[in-house]
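Coordinate analysis (summary)
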Amino acid sequence: MTQAIAPRNGRHAAGRLRTLLLLLLAVGGALLAGAGPVSAHAALTGSDPRQGAVVEQAPTQVTLTFSEKVAMSGGSVRVLDPEGKRVDTGDPVDLGSAMYAVKLHSGLPDGTFTVTYQVVSADSHPVSGAFTFSIGAPSQTSVTVSDRSAGGGVVGGLYGLARYVSYAGFILLTGGAAFVLACWQRGAGVRPVQRLVVGGWLALTAATLGLLLLRGSYTGSGKVADIFDLDLLGQVLQTKTGAALVSRLLLLAAAALFIAVLFGTYVTRDAAARTGEADAVTEGAGETGGAAAAGSAGGSAADGRTGAESAGGEGADETGRADAEADAAAADAEKRDLTFGLGIGGGVVAAGLAASWAMAEHASTGLQPGIAMPVDVLHLLAGATWLGGLVTLLVALHRAPSDTPIDAPAVRRFSRVAFGSVVALTATGLYQSWRQVGSWSALTGTGYGQLLLVKIGLVAVLVGIAFLSRRWTARLPETSPVLAPEADAAGKEPVTLPAAATTRAGAGTPAGAADSVRAAQLARQRAAVTAAREKRVRDADPHRSGLRRSVLAEAGVAVVLLAVTTVLTSTEPGRTEEAARAATAYSAQRSGPLTVTVPFDTGGEDGKGSARLTLDPARVGGNDMHLFVERPNGKAFDVPEVKVSFTLGAKDVGPLPVVPDRIATGHWTATGVQIPMAGDWEIAVTVRTSDIDQTTVKKNAKIG
């Protein structure tokens, strides 16, 4: 029948939309699946003993130096002898400057020892690795190191999927609510929009709970069985990431209250405000008609009505109009107040949710964290407002009912909001790119930089499509197309019910009740036919159809962009990767001790000479230092005091003071001098030749 055609087409259109969205989500999931294990965000830059070293005497401890601070637990560092038995004792100790040490048993035999480590970097990502050193001479070892990367396997894949879902949920929740409040307030009562926002809240909540459960296994054993280990969960809750996830859950509870008010009280207030406006208009029309009728009746002597009666009727009409206007104004004021309150409250909750990422990931460590975290929050909010609003607009264009279509002013308002969001994204993205990449070589030569280029390309495509959408938006009519009178009349033609339906309605039912049932069925069918016809007329608008296609294309690119962004946040920043690579390469190239000679002059009598400093092996970790003080003629200079300090200005490390011991005339020494990281160090030597004559001389040297 005719009335069934339009709804079936609508169902087909909805099915096509769902198919496209599922396909795009599958593309995003494929990108995540192909991303592999999470890259380390902290790198091992040095160790003592170093990788592959052969030492004559057994060390008392093993020290590890990373490119940034890491979190360690009791079993984070293990040292295994050639038979695979642990020879470390006690928990790792933080020596400062991203250097950590674990004590070893005494009396270790000769042979090859294996050091394994699994730690968590400052930006919450797991880091693992292993290396060997030998005592006396290399030997065979029974130790086999697992090739499983930290954060990999099934648990790593689930964790990456949960992170993607959490980002998507945040975008739908924040962007959908912002779209309703800022662009289309009538949309608060539209069921598809409500389902979208509530779906975003459910996705973010479920993903956050999943991340909490997966976190212990993700940073530890990587076993599926450990996901529900309550001891691991307790350890996770004591970490920075655990605190951030718990904070997110608390904020989601506040977000649930926000959603309840937005789709409950706010919808009621909006309807009341619109009803008040309609009543005011109706009262005004009634007053005009009443005044005209009163004037006509007053002019007729046969009516017998007095001028006073006419005046009284007119006064009553005016009073009714004033009351209606007052009610409308009050309802509108209540709605504005509620809108303002929801905007402030929702903004605070959204900023808190964004901060739960900023306080635990890239922005919380590295350069300028005090600036980077607020910038990251703004970046997340701008992205969610743009992309989430885009998805909400897509749903409104495809699924909004015929009696509440999205109008052109709402689309234009979102166009302005989206433009502001893109400006904010560009500004904050430039800062984040400089902070995480730092150089052109890192932009093209590291995985992070290459992913960033892909993201920039996708954003450029998205902005290009958005420009086309703005052109379609500018062409939209101010009001939705309406049916012609004859078409509307055609929609009200009687609809013939099937005989079976008539029989079911009348069987065992009184005549009056049967008539009521048939009348209700006819009314519903007429409403469905009219709604379908109105939607068909509205969708036939070429400008609206063009906007729907361009917005769908934007949403498709946005899904892929979100997948790339999720992988990007799990990739080692280019600046860190380059620094670790340079430190490791320099450490591998150096061999033998470092010798530095600096002349000095304390200014007093017999105050001239030179200080020759030797650092062995001049690597990251422990070193032996010897300092020889000589006169200008090369003979040993017996001075009363010597002090040394090391400063790495590029990393804001130091000065690290060293007070050597005098072992002979002009010969001073110190053992276990710790160099926390490789770099161009400033060596400062202070020499005192008398009670009042003293000087400090400095020289730079590469160590590590």
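Residues numbered from 1 in each chain as written. Predicted model: local features only at pLDDT ≥ 70, side-chain atom pairs only at ≥ 80, totals over all residues. Heavy atoms only, no water.

1. Some thoughts on the sheet that holds strand β1 (residues 44–48)
Using the following cut-off: When DSSP finds at least two bridges between two strands, those strands are taken to pair. Going along the chain from the N terminus, every DSSP run of H or I of four or more residues is numbered as a helix, and every run of E of two or more is numbered as a strand. Helix axes are fitted only over the stretch in contact, all axes being lines through C-alpha atoms; the angle between N-to-C directions runs from 0 to 180 degrees.
The antiparallel open sheet is built from 4 strands, whose spatial order is β1-β3-β7-β6. Looking at strand neighbours, the two that pair on one side only are β1 and β6 (88–96), the edges of this open sheet. When the angles between neighbouring strand axes are averaged without regard to direction, this sheet yields 20 degrees. Pairing geometry for strand β3 (residues 61–66) and strand β7 (residues 99–104), over 5 bridges, is antiparallel. Bridged to L64 within β7 is Y100.

2. Comments concerning unusual backbone geometry
Stated formally: The rule is simple: take the accessible area with a 1.4 Å probe, protein chains only, and divide by the maximum for that residue type; under 20% is buried, over 50% is exposed, in between is partly exposed.
Of note, the bond from D48 into P49 is cis; its omega dihedral lies within 30 degrees of zero at 0 degrees. Within the secondary structure, P49 sits in the loop between β1 and β2 (54–55). Here the residue pair G654 and P655 is connected by a cis peptide bond, since its omega of 5 degrees sits within 30 degrees of zero. Locating P655 in the fold gives a position in strand β14 (residues 653–658). Phi at D606 takes a positive value of approximately 55 degrees, unusual for a residue other than glycine. Along the chain, D606 turns up in the loop between β10 (594–601) and β11 (608–616). D606 sits in the partly exposed class, given a relative accessible area of 43%. One non-glycine residue, D652, adopts positive backbone phi at about 55 degrees. Mapped onto the elements, D652 comes out in the loop between β13 (641–648) and β14. Residue classification places D652 among the exposed positions, given a relative accessible area of 70%.

3. Brief notes about the environment of G90
Locating G90 in the fold gives a position in strand β6. The exposure class assigned to G90 is partly exposed, which follows from its relative accessible area of 47%.

4. Here we look at helix α9 (residues 408–436)
This is how the line gets drawn: What a helix should span is 1.5 Å times the count of its residues minus one.
The end-to-end C-alpha separation of α9 is 41 Å, in line with the 42 Å expected for 29 residues at 1.5 Å each. Among the residues trailing α9, G438 stands out with phi positive, at a value near 85 degrees.

5. Details of the sheet that holds β14
Neighbouring strands of a sheet are bound in pairs by backbone hydrogen bonds; such pairs are parallel or else antiparallel. Across the sheet, 4 strands lie side by side as β14-β13-β17-β18; this open sheet has antiparallel pairing. Two strands close off the open sheet at either side, each with one partner strand: β14 and β18 (694–703). For this sheet, the mean inter-axis angle between neighbouring strands, taken without regard to orientation, is 20 degrees. Bridging between β13 and β14 involves 4 bridges; their strand directions are antiparallel. In the sheet register, S645 faces β14, and the bridge partner there is P657.

6. Observations regarding the packing of helix α3 (residues 191–219) against helix α4 (residues 230–237)
Our working definition: Should an angle fall under 35 degrees it is called roughly parallel, over 145 degrees roughly antiparallel, and 65 to 115 degrees roughly perpendicular, with every other angle called oblique. What makes two residues a contact is simply this: any of their non-hydrogen atoms within 4.5 Å. Here the nonpolar group is Ala, Val, Leu, Ile, Met, Phe, Trp, Tyr, Cys and Pro; Asp, Glu, Lys and Arg are the charged ones; every other residue, Gly included, is treated as polar.
At a minimum axis separation of 8 Å, α3 and α4 run at an interaxial angle of 100 degrees. When the interaxial angle is binned, α3 and α4 end up roughly perpendicular. For the pair α3 and α4, contact is made by L212, R215, G216 and S217 and by L232, L233, V236 and L237, respectively. Here the residues of the contact of α3 with α4 sort into 5 nonpolar, 2 polar and 1 charged.

7. A look at the confidence of the model for the protein
What counts, and what does not: Predictor confidence is given residue by residue as pLDDT, running from a minimum of 0 to a maximum of 100.
Confidence in the prediction for the protein averages 78 pLDDT; 74% of positions are at 70 or higher. When mean pLDDT is taken per element in the protein, helix α5 (residues 240–262) scores highest with 94 and helix α12 (residues 485–491) scores lowest with 42. In the predicted structure, residues 1–14 sits below a pLDDT of 50 and forms 9 contacts with residues beyond four places in sequence or in another chain. Every residue in residues 22–40 is under pLDDT 50, and counting partners more than four places away or in other chains gives 34 contacts.

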